[in-house]
Amino acid sequence: MDGYRAPRGRPLWCLAALWAIGPVVGVFGWDGLGLLGTISDLAWISTLLVWLLRLSWQRHTDRLIAFAFWLLLLGLCTAAARGGFFVGDLALATKGVHLAGFAFLGLALARITVPVTNLVLDPTERTSPFRPHPGRLHLAPGLVLIGMIGEVVDLSTAVSGFLFLAVGAAFIDRVAEGFIGRSAARSEILMLTGTSMLAGVDLILAGSARLGAPWSEVAGLHVAFMCGLGLGVYAVFCIAGLPHTNRPLGIPLLVRAGAVILLLSAILRVLPDFGIALPDPLYRLAVIGWAVAFLLWIIAYWPALSSANQFQTAATKDFVSPGLASKTVWKQAAE
C-alpha cells in the first residue's frame, strides 16, 4: 500500500515478546504459568487484529478484512484450546487445537498464492497476469470455514467426514494454480503448490478415516498440520522475508535445502501414525530436522533482516533482473 509504514522498533519488539511468552511456557512445561501463556497468546493476536482493522480503516480498503476475520477465528480457537487445558477439559482443548490448525489453513495457505504468482510472472508489479476465478479463489477458505462450523456444532461422523473430503479436494484444486509455464519450477511456486497438495491429501485422509478407512483421523490431521501447514509457514517466512528486506524474489539454495529437510522431518514424524515403526534415532531426527530447517532460514536471512536498509539500492538498481538483484543482495550480505 502506498504510504504504508510497517511497525518497527519498540512496538515490534513488544509484539514479539508477547508472542514468545506462550512458546517459552509451553517448552518448559510450566503448568503454573499456563494462565500467563494464555494471556500472552490472546494479547498478541488481539493486538495484531486491532492493528489490521485500524490500518484497513486508515487506508479505506477492505482488502485486509479477510485476514482480520481469520485472525479473529484463530484467536477464538486459541482461547478455546487454552481454556480447555486450564480447566482440565481435554476434549475442548483438543477441539480447540484442531480448529486453530484449520484457521491457520484458511489464513496461511489459501490467501497468499495468487499475489506471489503474480509477482513471479511480473516482478515489476505493473500487471496482474494471473487472475483465478473468484469461486476458485475463495473455495478453499470457504470450505475450511464450513468444516470448522461442522466441528463446532458436532455434526455426525459421516457428515463431517465428507466435509473433510470436500475441504481436501478444494486444496487439491489449488494445485492447478501452479501450472504457469516454466515459472512453475520456481521454488516459491513449488513450495506453495506443495503446501496445498499436502494439506489437501491429508485432509482427505482424515475424512476417509471418519468414513471407515483403516488409519486414524489423527494421522491425517498430523500430516495436514505438520507437512502441509508446516511447509506453508516456512514458505511464508521465505517469501515474505524478501520484500521486507527490499529484495526481489529468488530464494537462496540454503533455504531451499531447509524446505526439503523440513518436509522429510515431518514425514518421519507421521510415519508411525500409519503403522510404520521407526528406530528411536530416526524418530528423533524428525524433531531435529524441523529445528534445523528454520535454523537454516535464520542463517540465510539474518544478514538482510538485521540491516535491511543497505539492500534498497541493490534491489532497486537490478529490479528488472530479479536473478541478478538476488545475487547482488546475497553477495553484499555475505560481505
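Residues numbered from 1 in each chain as written. Predicted model: local features only at pLDDT ≥ 70, side-chain atom pairs only at ≥ 80, totals over all residues. Heavy atoms only, no water.

1. Brief notes about empty space enclosed by the protein
And step 1. Within the structure shown, the criterion is met by 2 cavities of 30 Å³ or more.
And step 2. Counted as a void, the largest cavity has a volume near 60 Å³.
And step 3. In this structure, the largest cavity is lined by Thr113, Thr117, Arg174, Val175, Glu177, Gly178, Ile189, Leu192, Thr193 and Ser196.
And step 4. Put simply, the parts of the chain that give the lining of the largest cavity at least two residues each are helix H5 (113-121) and helix H8 (187-210).
And step 5. It is H8 that contributes the most residues to the lining of the largest cavity, 4 residues altogether.
And step 6. Tallied by class, the residues present in the lining of the largest cavity amount to 3 nonpolar, 5 polar and 2 charged.
And step 7. When its volume is computed, the second largest cavity comes out at roughly 40 Å³.
And step 8. Around the second largest cavity, the lining residues are Phe102, Val144, Gly147, Met148, Phe164, Val167 and Leu203. (1 Å grid on protein atoms, 1.4 Å probe; cavity = no way out; pocket = protein on both sides within 12 Å on 5 of 7 lines; lining within 4 Å. Points joined across faces, edges and corners; volume = space filled by probe spheres on them. Helix = DSSP H or I, 4+ residues; strand = E, 2+ residues; numbered from the N terminus. Nonpolar A, V, L, I, M, F, W, Y, C, P; charged D, E, K, R; others polar.)

2. Description of the packing of H5 against H8
And step 1. The geometry of H5 relative to H8 is characterised by a closest axis approach of 10 Å and an angle of 160° between their N-to-C directions. Taken as axis vectors, H5 and H8 run roughly antiparallel relative to one another. With respect to the hand of their crossing, H5 and H8 are arranged in left-handed fashion. Residue-level inspection shows Thr113, Val116, Thr117 and Val120 of H5 in contact with H8, the latter providing Glu188, Ile189 and Leu192. (Axes fitted to C-alpha atoms, helices over the stretch in contact; angles between N-to-C directions. Parallel < 35°, antiparallel > 145°, perpendicular 65-115°, else oblique. Left-handed = near helix turned anticlockwise from the far one by under 90°. Contact = heavy atoms within 4.5 Å.)

3. Here we look at the packing of helix H7 (residues 157-174) against H8
And step 1. H8 packs onto H7 with a crossing angle of 165° between their chain directions and a minimal axis gap of 7 Å. Considered as vectors, H7 and H8 are oriented roughly antiparallel to each other. Relative to H8, H7 is oriented so that their crossing is left-handed. Contacts between H7 and H8 involve Thr157, Ser160, Gly161, Phe164, Leu165, Val167, Gly168, Ala169, Phe171, Ile172 and Arg174 from the former and Ser196, Met197, Ala199, Gly200, Val201, Leu203, Ile204, Ala206, Gly207, Ser208 and Arg210 from the latter.
And step 2. The residue inventory of the contact of H7 with H8, partitioned by class, reads 12 nonpolar, 8 polar and 2 charged.

4. Let's talk about the pattern of salt bridges
And step 1. Evaluated as defined, the whole model comprises 5 salt bridges.
And step 2. Here lysine 95 and aspartate 154 are joined by a salt bridge, their closest N and O atoms 2.6 Å apart. One end of the pair, lysine 95, is in helix H4 (residues 90-109); the other, aspartate 154, is in the loop between helix H6 (134-152) and H7, with 59 residues separating them in the sequence.
And step 3. Judged by its relative accessible area of 27%, lysine 95 falls in the partly exposed class.
And step 4. On the basis of relative accessibility, which here comes to 54%, the residue aspartate 154 falls in the exposed class.
And step 5. Note that arginine 210 and glutamate 151 form a salt bridge whose closest N and O atoms lie 2.8 Å from each other. Here arginine 210 is found in helix H8, whereas its partner glutamate 151 is found in helix H6, with 59 residues between them in sequence. Glutamate 151 shares its class with arginine 210; the two are buried.
And step 6. Linked through salt bridges whose partners overlap, the residues forming this network are Glu151, Arg210 and Glu217. (Salt bridge = Lys/Arg side-chain N within 4 Å of Asp/Glu carboxyl O. Buried < 20%, exposed > 50% of the residue type's maximum accessible area, 1.4 Å probe, protein only.)

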